[in-house]
Amino acid sequence: MGFSDFQFSQVPAPKPDFFLTITPNAQNVGSYNFSWNTQINKLYDLVSSTDLATAPSTWDVWMGNFNLVGTGGTYNLTNIDGGANTRRFFAVRQKTPTP
């Protein structure tokens with residue numbers, strides 16, 4: 001039995017439901033640009049912590065970036081200060097608005 005006895009098919013990899021991209025801001029050292037995909041009728045908070053001891057759901061909102069409205073497209077925050085800490089972690093928290 002050789003390879004000619006097998007039939008191969010290509011299975012596309014699933015697309016991730018969410019992505020967060022963080023890149024250094026080219027104009028301001030210590031600042032970052034954040035991009036993520038959003039859903040319509042969802043709100044987003046940029047949260048941060050200096051350690052991973054707690055879940056991102058408990059992290060504080062970073063620099064007033066909360067209740068950012070999802071449009072179904074990509075949300076971009078630019079030139080966000082990274083803080084004075086030598087280590088900082090970021091996440092985006094998705095919320096459903098309350099009526």
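K.L.:
Explain the sheet that holds strand β1 (residues 20-24) here, please?
P.N.:
Here three strands make up an open sheet; going across it, the order is β1-β2-β6 and the pairing antiparallel. In this open sheet, the two strands that pair with only one neighbour each are β1 and β6 (74-81). Pairwise comparison of adjacent strand axes, ignoring direction, gives a mean angle of 15 degrees for this sheet.

K.L.:
Would you take a moment to explain the nonpolar core for this structure?
P.N.:
A general tendency of soluble globular proteins is for nonpolar side chains to be buried together. In this structure, Phe34, Trp36, Tyr44, Leu46, Trp62, Leu68, Leu77, Ile80, Phe90 and Val92 together form the largest nonpolar core, which totals ten residues. Mapped by element, the contributors of at least two residues to this core are β2 (31-37), β3 (43-49), β6 and β7 (89-95).

K.L.:
Got a minute to help me understand the packing of aromatic side chains in this structure?
P.N.:
Ring pairs (aromatic) are described by centroid distance and by the angle formed between their planes. Summed over all chains, the structure comprises four aromatic pairs. Note on Phe34 and Phe90: the rings are 5.0 Å apart at their centroids and 65 degrees apart in plane angle, and the pair reads as edge-to-face. With a gap of 56 residues between them, Phe34 in strand β2 and Phe90 in strand β7 connect regions that are remote in the sequence. With respect to class, Phe34 is no different from Phe90; both count as buried. Of the aromatic side chains, those joined through ring pairs into one cluster are Phe34, Trp62 and Phe90.

K.L.:
I keep staring at the environment of Ala26 and nothing clicks. Help me out?
P.N.:
The residue Ala26 is located in the loop between β1 and β2 in this model. Owing to a relative accessible area of 73%, Ala26 belongs among the exposed residues under this scheme. For the pair Ala26 and Asn79, spaced 53 residues apart in sequence, the C-alpha to C-alpha distance is 8.9 Å.

Quick notes on the rules
- Residues numbered from 1 in each chain as written.
- Predicted model: local features only at pLDDT ≥ 70, side-chain atom pairs only at ≥ 80, totals over all residues.
- Heavy atoms only, no water.
- Pairing = 2+ DSSP bridges.
- Helix = DSSP H or I, 4+ residues; strand = E, 2+ residues; numbered from the N terminus.
- Axes fitted to C-alpha atoms, helices over the stretch in contact; angles between N-to-C directions.
- Core = buried A, V, L, I, M, F, W, Y, C linked by side-chain atoms within 4.5 Å.
- Buried < 20%, exposed > 50% of the residue type's maximum accessible area, 1.4 Å probe, protein only.
- Phe/Tyr/Trp six-rings, centres within 6.5 Å; stacked < 30°, edge-to-face > 60°.

By themselves, these are just geometric observations and shouldn't be taken as functional.
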